[in-house]
Amino acid sequence: MSDWRTLEIYSTFIQVTGELEIVRPDRVSDAVNRFGDYLHLRNGWAEPLSVSYPILSRTEPLLTVAKAGVVLICPLDDAGDGNRALWREKAVHPASINTQAFSMVGDLHMEPRHTLQDHLERFPGDFIPVTNLSALWVTAISSGTHAVQRPFALLNPSAILSFSIR
């Protein structure tokens, strides 16, 4: 059995929206971290984060996204990813994080007794679960900005420029 989850995927200048197939009992984080270097979305489209950044796009029936270009992945629907069979206790760490595109604060969820740096060194390709995310797009030279507030997101560890655990 599978479900289709609507995701917003943020890069430096573009937001991609589309549906990712999640095969149960997987969660969004399992699907993102488990398979290859690409995500395959259906009914996807791209939008600029700034009105002064033009792109030519329309809704595509199938759209492939390179994980290497992703900063954040935000599920738009709350499908209750709380599958008890896959639940593991995680330590919650309030943090401030900067990427080339976003300045953000939120709660990072990592293995107990491990720091963010430990996680980054042990699992360099695994997207990091973040709850209570507040992010501000910082690449705009003009006065226009883009703010993202989500209850849950996945952060690409390779996008991190700096971090501070609070």
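Cut-off values and rules
Residues numbered from 1 in each chain as written. Predicted model: local features only at pLDDT ≥ 70, side-chain atom pairs only at ≥ 80, totals over all residues. Heavy atoms only, no water. Helix = DSSP H or I, 4+ residues; strand = E, 2+ residues; numbered from the N terminus. Buried < 20%, exposed > 50% of the residue type's maximum accessible area, 1.4 Å probe, protein only. Contact = heavy atoms within 4.5 Å. Areas by Shrake-Rupley, 256 points an atom, 1.4 Å probe, with all protein chains shown as cover. Pairing = 2+ DSSP bridges. pLDDT = per-residue confidence, 0-100. Axes fitted to C-alpha atoms, helices over the stretch in contact; angles between N-to-C directions.

Draft legend 1. The overall build of the protein, seen in detail. Along the backbone of the protein there are two helices and 10 strands. Moving toward the C terminus, one meets the helices and strands of the protein in the order β-β-α-β-β-β-β-β-α-β-β-β. Per-residue burial over the protein gives 40% buried out of 166 residues. In the protein, the share of contacts with a sequence separation of at least 24, taken over all contacts with a separation of at least 6, comes to 62%. Carbon and sulfur atoms form 54% of the exposed surface of the protein, whose accessible area is close to 9200 Å².

Draft legend 2. Focus on the environment of Asn43. Within the secondary structure layout, Asn43 lies in strand 3 (residues 38-48). Among all residues touching Asn43, those that are not within four sequence positions of it are Thr17, Gly18, Glu19, Thr59, Glu60 and Pro61.

Draft legend 3. Region of the structure containing the pairing of strand 8 (residues 128-137). Of all 10 residues in strand 8, seven are buried, a share of seventy percent or more. In this structure, strand 7 (residues 102-110) lies alongside strand 8, joined through six bridges in antiparallel fashion. The residue of strand 8 that forms the bridge with Asp107 is Thr131. Here nine bridges tie strand 8 to strand 9 (residues 146-155), and the two strands are oriented antiparallel to one another.

Draft legend 4. Examining the confidence of the model for the protein more closely. When pLDDT is averaged along the protein, the result is 88; 89% of the residues meet or exceed 70. When the elements of the protein are averaged for pLDDT, helix 2 (residues 116-122) gives the smallest value, 89, and strand 5 (residues 72-75) the largest, 97.

Draft legend 5. Just the sheet that holds strand 10 (residues 160-165), in detail. Sheet architecture is open: 10 strands sit in the order 4-3-2-1-5-9-8-7-6-10, paired in antiparallel fashion. For this open sheet the edge positions go to strand 4 (60-66) and strand 10, each flanked by a neighbour on one side alone. Taking each pair of neighbouring strands and ignoring which way they run, the sheet shows an average axis angle of 40°. Bridging between strand 6 (residues 91-99) and strand 10 involves five bridges; their strand directions are antiparallel. Residue Ser96 lies in a different strand from strand 10, and its bridge partner there is Ser164.

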